[in-house]
Amino acid sequence: MTKYEVVGIGNAVVDVISHADDSFLDHMGIEKGIMQLIERDRAEVLFGAMEDRLQTPGGSVANTVAGIGSLGLPTAFIGRVHDDALGRFYANSMRDGGTAFVNHPVAGGHLPTSRSMIFVSPDGERSMNTYLGISTDLGPDDVPDQVASGAKIMFLEGYLFDKDQGKQAFLEASRLTRAAGGKAGIAISDPFCVDRHRADFLRMIGNELDYVIGNEAEIRSLYETDDLEGALSKTAAMCPLVVCTRSGDGVTIIQGGIRVDVPVNKVVPVDATGAGDQFAAGFLYGVATGRDLDVCGRMGNVCAAEVISHVGPRPEVAIMDLFKAQGLV
């Protein structure tokens, strides 16, 4: 029996945002305008140096699921946080936003809650320093049977492919969801992640999943090719539903031999963070509510356009109002 329309599995990362001028960045050795993975000692130094912290729950698939939840569908998120201040904040914030956080914060252990420390410069540049912490230790034991079996749609985050227990968690979740009549799919997340685990990605997409969502670089990376059309054809032959976001060139959706190309209105982003996450939110909302593929793609585009119009990875306005204004609901 379906309990959740969409369940996501991914990194549970607290975004900690602070303002900083260039002299502070130089003093702390922070490279401006990029995302860097950092170790625990460095994370503790930077966290301690932040003066005006703004904390929000983040993570790619978590952002997607939260976006769907804000549209009124029952959603849940599977992820690992430590039983520390940031972990409790994360769990409570997801629940307060309307998404069930189904894993208890982990007591004991040595890894703290994952966090991304984001320093915003006066010119709007965001310098991100991410410590992955406990979230990447997610494994099959973290996947509650009743949650996965109760999902109409399961959505997996490709970043977790970097550890074997993450792959096993994905297999467990996908098989439980599909056995109960639901659909399971993945966000490819990053072409470099594909480079590290190409065979496993292809095996899972071909044998264990009902849909795959990726951008042009991610779809091409599956086959180590510059030929996007060839890569799309190969992926569509393996997986029932393929969704490829193409930035200003729109979105290509292929299902059962039917191809739909959905255009976009090109805009200059204020902050592109979260564009793919919120596209997936709009698209999967459309799928969950039985819309045609064209409408699903347009819903995804509306969500992506809203989130790139401001700083931050989650919507700041009521997306349902935007859907209504465009005649999508």
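Residues numbered from 1 in each chain as written. Predicted model: local features only at pLDDT ≥ 70, side-chain atom pairs only at ≥ 80, totals over all residues. Heavy atoms only, no water.

Focus on the sheet that holds strand β9 (residues 151-157)
The nine strands lie next to each other as β6-β5-β1-β9-β10-β11-β12-β13-β14, forming an open sheet whose pairing is mixed. With partners counted over all chains shown, the strands left at the sheet margins are β6 (99-101) and β14 (258-262), one partner each. Pairs of neighbouring strands in the sheet enclose a mean axial angle of 20 degrees, with direction left out of account. Pairing of strand β5 (residues 75-78) with β6, which is carried by three bridges, proceeds in the parallel orientation. The residue of β6 that forms the bridge with Ala76 is Ala100. Across the sheet, helix α4 (residues 85-96) lies against β5 and β6, angled at about 150 degrees from β6, the strand it touches most. (Pairing = 2+ DSSP bridges. Helix = DSSP H or I, 4+ residues; strand = E, 2+ residues; numbered from the N terminus. Axes fitted to C-alpha atoms, helices over the stretch in contact; angles between N-to-C directions. Contact = heavy atoms within 4.5 Å.)

Some details on the packing of helix α3 (residues 60-70) against helix α10 (residues 275-288)
The interhelical angle for the contact between α3 and α10, taken along N-to-C directions, is 40 degrees, at an axis separation of 8 Å. One element, α3, and the other, α10, form an angle in the oblique class. Here the hand of the crossing between α3 and α10 comes out right-handed. Contacts from Ser60, Asn63, Thr64, Gly67 and Ile68 of α3 reach α10 at Asp277, Gln278, Ala280, Ala281 and Leu284. Residue composition of the contact of α3 with α10, by class: four nonpolar, five polar and one charged. (Parallel < 35°, antiparallel > 145°, perpendicular 65-115°, else oblique. Left-handed = near helix turned anticlockwise from the far one by under 90°. Nonpolar A, V, L, I, M, F, W, Y, C, P; charged D, E, K, R; others polar.)

Digging into the side chain of Arg115
Checked against the element boundaries, Arg115 lands in strand β7 (residues 114-120). Of the buried charged residues, Arg115 lacks a salt bridge, with Asp84 as the closest side chain of opposite charge at 4.6 Å. From its side chain, Arg115 meets the backbone oxygen of Thr113 in a polar contact 2.8 Å long. Setting aside anything within four residues of it in sequence, one finds Arg115 in contact with Val13, Val14, Val16, Ala43, Phe47, Leu86, Asn129, Thr130 and Tyr131. (Buried < 20%, exposed > 50% of the residue type's maximum accessible area, 1.4 Å probe, protein only. Lys, Arg positive; Asp, Glu negative; His and termini not counted. Salt bridge = Lys/Arg side-chain N within 4 Å of Asp/Glu carboxyl O. Polar contact = N/O pair within 3.5 Å; in protein donor to acceptor, adjacent residues only side chain to side chain.)

As for the environment of Ala305
Tracing the sequence through the fold places Ala305 in helix α11 (residues 293-307). With relative accessibility at 38%, the residue Ala305 sits in the partly exposed group. Taking the C-alpha atoms as reference points, Ala305 and Gln278, separated by 27 residues in sequence, lie 8.8 Å from one another.

Some thoughts on the nonpolar core
Grouped burial of nonpolar side chains is what soluble globular proteins tend to show. Counting 59 residues, the largest nonpolar core has Tyr90, Met117, Ile253, Phe283 and Phe323 as the members making the most contacts within it. In contact with Met117, not counting residues within four places along its chain, are Val16, Ile38, Ala43, Leu46, Phe47, Met50, Ser127, Met128 and Asn129. One finds Val7, Ile78, Met154 and Ala184 within the second-largest nonpolar core, a separate group that totals 39 residues. (Core = buried A, V, L, I, M, F, W, Y, C linked by side-chain atoms within 4.5 Å.)

Observations regarding unusual backbone geometry
Unusually for a residue other than glycine, Ser189 sits at a positive phi of about 85 degrees. The class for Ser189 is buried, based on a relative accessible area of 15%. The residue Glu224 is not glycine, and still its phi comes out positive at about 50 degrees. Of note, Glu224 is situated in the loop between α8 (216-221) and α9 (228-238).

Re α9
Within the sequence span of α9, burial applies to Leu228, Ala231, Leu232 and Thr235. Angularly, the buried residues of α9 cover 100 degrees about the axis, an arc narrow enough to put them on a single face. Buried residues along α9 sit in contact with α7 (191-207), β11 (211-215), α8, β12 (241-245) and β13 (251-255). The opening residue of α9 is Asp227, an N-cap whose side-chain oxygen sits 3.3 Å from the backbone nitrogen of Glu229. (Arc of directions from axis to C-beta.)

Concerning the pairing of strand β10 (residues 183-187)
The element β10 is largely enclosed, with a buried count of four among its five residues. Alignment of β9 against β10, held across five bridges, turns out to be parallel. Paired with Glu157 across the bridge in β10 is Ala187. Considered for its hand, the β-α-β crossover made up of β9, helix α6 (residues 164-179) and β10 is right-handed. Taken together, the three bridges between β10 and β11 define a ladder with parallel strand orientation. Across the sheet, residue Gly185 finds its bridge partner in β11, namely Tyr211. Handedness of the β10-α7-β11 crossover: right-handed. (Right-handed = clockwise from strand over helix to strand, strands pointing away.)

Quick notes on α7
Under the 1.5 Å per step criterion, the end-to-end length of α7 is only 20 Å for 17 residues, more than 12% shorter than the ideal 24 Å. Of all the bends found along α7, the most pronounced is centred on His197 and spans about 95 degrees. On the buried face of α7, the contacting elements are β9, α6, β10, β11, α8 and α9. Near the N-terminus of α7, the side chain that reaches the backbone nitrogen of Phe192, with its oxygen 2.7 Å away, is that of Asp190. (Expected span 1.5 Å × (residues − 1). Bend = angle between axes of the 7 residues up to and from the residue.)

Brief notes about the packing of α10 against α11
Relative orientation and spacing of two packed helices are given, respectively, by the angle between their axes and the distance between those axes. Viewed as axis vectors pointing N to C, α10 and α11 meet at an angle of 150 degrees, and their least axial separation amounts to 7 Å. Taken together, the axes of α10 and α11 lie roughly antiparallel to each other. In terms of crossing hand, the pair formed by α10 and α11 is right-handed. Residue-level contacts link Ala275, Gln278, Phe279, Gly282, Phe283, Tyr285, Gly286 and Val287 of α10 to Cys296, Gly297, Met299, Gly300, Asn301, Cys303, Ala304 and Val307 of α11. Grouping the amino acids of the contact of α10 with α11 by side-chain chemistry returns 10 nonpolar, six polar and no charged.

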